[in-house]
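Listed below, chain by chain, are the residues.
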Amino acid sequence: MLTACSPNIYIPSPTNIPLPGNKSELKIGGSLGTAGLNFEGSYAIDTHIVILADYAFNNSTDSNTYSNNNYGEIGGGYYTKFDEHGRFELLGTVGLGSVSANQFYKGFNIGGPPPLYRYIVSNENYNKFSLQGDIGMTRKIIEIGFSAKFSFISMPNITYHKQDVGYYGGYHVYSDTSLSIANNEFFFEPCYYINLGIKNVKLHFCEGLSFPMSSNNELWLFNNLDTRFFVAFGLTIDLFRKD
């Protein structure tokens, strides 16, 4: 049986929350977090229409683990202002990602040699479709807000294996167990953000949770298939802002 020491097959990237205040407002930013390096941008093409794009990648290798995750998305939607400093938007995005991992894990065994496991995750690509509603407050030195995001992920080609291995007289695979994972999964991914700095340049912090919503959520939880939370810290630059 797979354990919680196995690698993730889904690592949510930070939510891109533009919340512009005027036409032609351009935001670009970068951050480092649970999804690795993340770059994002948005542009208000009209008084109520905004477009956005972002990309996250994480490639890590050590003596026991190889992991590669990539995800990019584009989208857009409606935004508006309320009161003097309030912002609201409703956005839709479509994205494409890929994930692969090869991880060795040494188990625990009282009175004998520890078992050695190898986890192999591969997925040519996956598709993600999201709908999010964002609300926030914008001032010159601080911006705070909240996002409620619903995502649908399709993973038609994913494979996930656990192998019992040993090096006694050479490399041997004693067993190979495949985990059956549903091809499609819905997620609820709420988060909050805080931007702090001067009018056009601010430090950025985002933290959120990721909840599988189908009947397979216990399988995802027990087998560590997703990170369950995401966090990012970085910098955002806001150009052509009028207020």
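Data block above holds the structure.
Worth saying up front: this structure is predicted, and the values here are computed from it rather than measured. Throughout, a residue's number is its position along its own chain's written sequence, starting from 1. Confidence filtering applies because this is a predicted model: local features only for residues at pLDDT of at least 70, side-chain atom pairs given and counted only at 80 or more, and all residues used for totals across whole chains, interfaces and linings. The basis for every side-chain value is the complete set of non-hydrogen atoms in the structure, without hydrogens or water.

(A) Geometry of the overall build of the chain. Numbering goes from the N terminus for both helices and strands, where a helix is a DSSP run of H or I of at least four residues and a strand is a run of E of at least two. Helix and strand counts for the chain stand at one helix and 14 strands. Any residue under 20% of the maximum accessible area for its type is buried, any over 50% is exposed, and the rest in between are partly exposed; the area is computed with a 1.4 Å probe on protein chains only. Within the chain, buried positions represent 43% of all 243 residues. Note on definitions: a residue-residue contact is assigned when non-hydrogen atoms from the two residues lie within 4.5 Å. Contacts in the chain between residues at least 24 apart in sequence constitute 63% of all its contacts with a sequence separation of at least 6. Carbon and sulfur atoms form 65% of the exposed surface of the chain, whose accessible area is close to 11,900 Å². In short, Shrake-Rupley with a 1.4 Å probe defines the accessible areas, and a residue's cover is counted only from the protein chains shown.

(B) The pairing of strand β14 (residues 229-239), seen in detail. Only one face of β14 is covered, namely the face carrying F230, A232, G234, T236 and D238; the face carrying F229, V231, F233, L235, I237 and L239 is uncovered. Here, strands pair whenever DSSP counts at least two bridges between them. Sheet topology note: the strand β1 (residues 26-33)/β14 ladder contains eight bridges and is antiparallel. Bridge pairing links G30 to L235 in β14. Pairing of strand β12 (residues 201-209) with β14 involves nine bridges; the strand directions are antiparallel.

(C) Expanded view of unusual backbone geometry. Of note in this structure, S24 is not a glycine but carries a positive phi near 75 degrees. Among the secondary structure elements, S24 is positioned in the segment before β1. When its relative accessible area of 27% is taken as the criterion, S24 is described as partly exposed.

(D) Structural context of the pairing of β1. Of the strand pairs in this sheet, β1 and strand β2 (residues 36-44) are connected by eight bridges, and their pairing is antiparallel. The partner of I28 across the bridge, within β2, is G41. Where β1 hands over to β2, the hairpin turn is made up of two residues, counted between the paired strands.

(E) Layout of the environment of G86. Locating G86 in the fold gives a position in strand β5 (residues 86-106). Judged by relative accessible area, which is 7%, G86 ranks as buried. Spatially, the C-alpha atom of G86 lies 9.6 Å from that of G145, the residues being 59 residues apart in sequence. G86 has contacts with T80, K81 and G136, leaving out every residue within four places of it along the chain.

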